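# Structure assessment
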Amino acid sequence: MWAYPLKSPAPASYYLFEDCQLNTFDAEEAAARARSGRQPILKEMSVPVVSLESIITDYFPDGLELLSLDTEGLDLALLKSLNYEKHRPLAICVETVGFSETLAKPKSNVITSILAPHGYAPYADTFVNTIYIDTERTGTVAL
């Protein structure tokens, strides 16, 4: 099941590449990758998606402790769509380094700027992911 930043179920375009690490829902990103000439789009397919809100409500009625997102280009939009008053995961794990063929992309602070006003701060970090913790629930401070 794919989560999507929308209010009701609908199909979404998903772009497939030979290198599956490049697959994405992001039409602009897919077009840019195809324009580079190194990775043509192999297939565009329509996939059913549901809102993150409905997944959490339907499958985690008592709340969830960990929200781990890897949604092929939609992480930022999903985090913006989350109702933090209603759903407060203890921890959120999300990619904060975008894919790069040269592995030279720097870590982005955009996700931190989205989560900080909701009381989340970086707690742990890998090369690709950052784990944010709910500082209000834990009393934990940022890294």
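Scroll up a little and you will see the structure.
Since the structure is predicted, the reported quantities are computational estimates derived from the model, not experimental observations. (Residues numbered from 1 in each chain as written. Predicted model: local features only at pLDDT ≥ 70, side-chain atom pairs only at ≥ 80, totals over all residues. Heavy atoms only, no water.)

## A closer look at the overall build of the protein chain
Of the regular secondary structure elements, the protein chain holds five helices and seven strands. A total of 143 residues make up the protein chain; the buried ones form 34% of that total. In the protein chain, of all internal contacts separated by at least 6 residues, the share reaching a separation of at least 24 is 60%. (Helix = DSSP H or I, 4+ residues; strand = E, 2+ residues; numbered from the N terminus. Buried < 20%, exposed > 50% of the residue type's maximum accessible area, 1.4 Å probe, protein only. Contact = heavy atoms within 4.5 Å.)

## Observations concerning the sheet that holds strand β6 (residues 120-125)
Spatially, the four strands line up as an open sheet ordered β4-β5-β7-β6, and their pairing is mixed. Two strands bound the open sheet, and with one partner strand each, they are β4 (66-69) and β6. For this sheet the average axis-to-axis angle between neighbouring strands, irrespective of direction, equals 25°. (Pairing = 2+ DSSP bridges. Axes fitted to C-alpha atoms, helices over the stretch in contact; angles between N-to-C directions.)

## Comments concerning the side chain of Asp 75
Among the structural elements, Asp 75 can be located in helix α3 (residues 75-81). Of the side chains bearing the opposite charge, Arg 33 lies closest to the buried Asp 75, which forms no salt bridge; the N-O distance is 11 Å. Leave out the neighbours within four places in its chain, and Asp 75 touches Leu 69, Asp 70, Val 94 and Glu 95. (Lys, Arg positive; Asp, Glu negative; His and termini not counted. Salt bridge = Lys/Arg side-chain N within 4 Å of Asp/Glu carboxyl O.)

## Concerning the nonpolar core
The biggest cluster of nonpolar side chains holds 22 residues, and the ones touching the most others in it are Phe 25, Leu 67, Leu 79, Tyr 84, Ile 92, Leu 115 and Tyr 132. At the level of secondary structure, the elements contributing two or more residues to this core comprise β2 (10-17), β3 (41-51), α2 (52-59), β4, α3, β5 (91-95) and α4 (110-115). Residue contributions to this core peak at three residues, all from α4. (Core = buried A, V, L, I, M, F, W, Y, C linked by side-chain atoms within 4.5 Å.)

## So, the side chain of His 87
Looking at where His 87 falls in the secondary structure, it is placed in the loop between α3 and β5. The class for His 87 is buried, based on a relative accessible area of 8%. Looking at His 87, its side chain comes within polar contact range of the side chain of Glu 53, at 3.2 Å. Excluding residues within four positions of it along the chain, His 87 makes contact with Glu 53, Ile 56, Thr 57 and Leu 82. (Polar contact = N/O pair within 3.5 Å; in protein donor to acceptor, adjacent residues only side chain to side chain.)

## Things to note about helix α1 (residues 27-35)
For α1, the capping residue at the N-terminal end is Asp 26, with a side-chain oxygen 3.0 Å from the backbone nitrogen of Glu 28. Looking at the residues trailing α1, positive phi occurs at Gly 37, about 85°.

## With respect to the pattern of salt bridges
All told, the structure shown has five salt bridges when counted by the stated rule. Across the pair Arg 137 and Glu 65 runs a salt bridge, and its minimum N-O distance is 3.3 Å. With a gap of 72 residues between them, Arg 137 in helix α5 (residues 135-138) and Glu 65 in the loop between α2 and β4 connect regions that are remote in the sequence. Classification of Glu 65 by relative accessible area gives partly exposed; the value is 47%. Close ionic contact of Arg 88 with Glu 136 constitutes a salt bridge, the shortest N to O distance being 3.8 Å. Linking Arg 88 in the loop between α3 and β5 with Glu 136 in helix α5, this pair joins segments that are 48 residues apart in sequence.

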